[in-house]
Amino acid sequence: MLAGLVLALIAGALVSLQNIFNTKVNEHTGSWSTTTLVLGMGFAASLVMGLIMEGKNMFTLQHMQPWYWLSGMIGVGVVICLVQATRILGATYAISIVLTAQLGFALLWDSMGWLGLAKVPFSFNQLIGVLIIVGGILVFKLGGTSDAKDPAGAPGSGKPQGALHTD
């Protein structure tokens, strides 16, 4: 169990780091170029590591449902949506929403037994946990002041608060 916790923490850190890198790449190129670069480099790294670790067994795909192949296409949606959300909302807010959505949908799929998952009984405590996280995001987003986020209206900027950026 400890190994699973450590791996999950590492995965969370890597997803956040990758999201920041992807957003920075997107500043210099388009969304589709970013997605192609990210997933292409991920493919190359996975291929090399898979061949090193598993050899030819890497290509043995037994008892795999055909719809599992959609996973790669889902990855395209993940990268596109996450890069754009981070650009619009900022990294912390976007990742908070993404993680809450992941938790909520995982709870749904687990409790329904969808996608080949073992059905896990739904409990009121699980719902309360997700709602507490949503409440935390709302406090995080609504608790700050807009002045700190709006350089046009910042003290000493010479522009009135809410002024449009024209330069």
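Note that the structure is a prediction, hence the values are computed from the model and not measured.

**Q** What am I meant to see in the overall build of the protein chain here?
**A** When its secondary structure is counted, the protein chain shows 5 helices and 0 strands. Helices (α) and strands (β) of the protein chain occur, in sequence order from the N terminus, as α-α-α-α-α. Every one of the 167 residues in the protein chain was classed for burial, and the buried ones make up 16%. Put simply, 43% of the contacts in the protein chain that link residues at least 6 apart link residues at least 24 apart. Carbon and sulfur atoms make up 72% of the accessible area of the protein chain, which amounts to about 12,400 Å² in all.

**Q** Explanation requested: helix α3 (residues 71-89) in the structure shown.
**A** Since the α-helix packs 3.6 residues into each turn, any two residues three or four apart lie on the same face. With 19 residues, α3 extends 26 Å between its outermost C-alpha atoms, agreeing within 8% with the 27 Å of an ideal straight helix rising 1.5 Å per residue. The secondary structure elements touched by the buried residues of α3 are α1 (2-28), α2 (31-54) and α4 (91-112). At the exit of α3 stands Gly90, carrying a positive phi of roughly 95°.

**Q** Would you mind showing me how to read the confidence of the model for the protein chain here?
**A** Low-confidence regions, as indicated by low pLDDT, have predicted coordinates that should not be scrutinised in detail. Per-chain confidence: the protein chain averages 84 in pLDDT, with 86% of residues scoring 70 or above. By mean pLDDT, helix α5 (residues 124-143) is the weakest element of the protein chain at 88, and α2 is the strongest at 94. Residue range residues 150-167 is modelled with pLDDT below 50. Its contacts to residues more than four positions away, or to other chains, number 15 contacts.

**Q** What exactly am I supposed to notice about the pattern of salt bridges here?
**A** Once the charged atoms of two side chains with opposite charge are near each other, the side chains can pair. This structure, assessed with the given rule, holds 1 salt bridge. Among the salt bridges present, the one from Lys24 reaches Glu27, with a minimum N-O distance of 3.4 Å. A residue pair is termed a helical-turn pair when its members lie 3 or 4 positions apart in one helix, as Lys24 and Glu27 do in helix α1 at 3 residues. For Glu27, a relative accessible area of 52% gives the class exposed.

**Q** How do you make sense of the packing of aromatic side chains when you look at a structure like this?
**A** The geometry of an aromatic ring pair is captured by the separation of the ring centres together with the interplanar angle, meaning the angle of the planes. Across all of its chains, the model carries 2 aromatic pairs by this definition. Measuring from ring centre to ring centre gives 4.6 Å for Trp67 and Tyr68, while their planes differ by 75°; the resulting arrangement is edge-to-face. Residue classification places Trp67 among the partly exposed residues on the basis of a relative accessible area of 39%. Between Phe105 and Trp109, the ring centres sit 5.4 Å apart and the planes meet at 35°, which makes this aromatic pair tilted.

**Q** When you look at the side chain of Asn19 in this model, what are you seeing that I'm missing?
**A** Looking at the secondary structure, you find Asn19 in helix α1. Ignoring any residue separated from it by four or fewer positions in sequence, one finds Asn19 in contact with Leu82, Val83, Thr86 and Ile95.

Thresholds, definitions, all that
- Residues numbered from 1 in each chain as written.
- Predicted model: local features only at pLDDT ≥ 70, side-chain atom pairs only at ≥ 80, totals over all residues.
- Heavy atoms only, no water.
- Helix = DSSP H or I, 4+ residues; strand = E, 2+ residues; numbered from the N terminus.
- Buried < 20%, exposed > 50% of the residue type's maximum accessible area, 1.4 Å probe, protein only.
- Contact = heavy atoms within 4.5 Å.
- Areas by Shrake-Rupley, 256 points an atom, 1.4 Å probe, with all protein chains shown as cover.
- Expected span 1.5 Å × (residues − 1).
- pLDDT = per-residue confidence, 0-100.
- Salt bridge = Lys/Arg side-chain N within 4 Å of Asp/Glu carboxyl O.
- Phe/Tyr/Trp six-rings, centres within 6.5 Å; stacked < 30°, edge-to-face > 60°.

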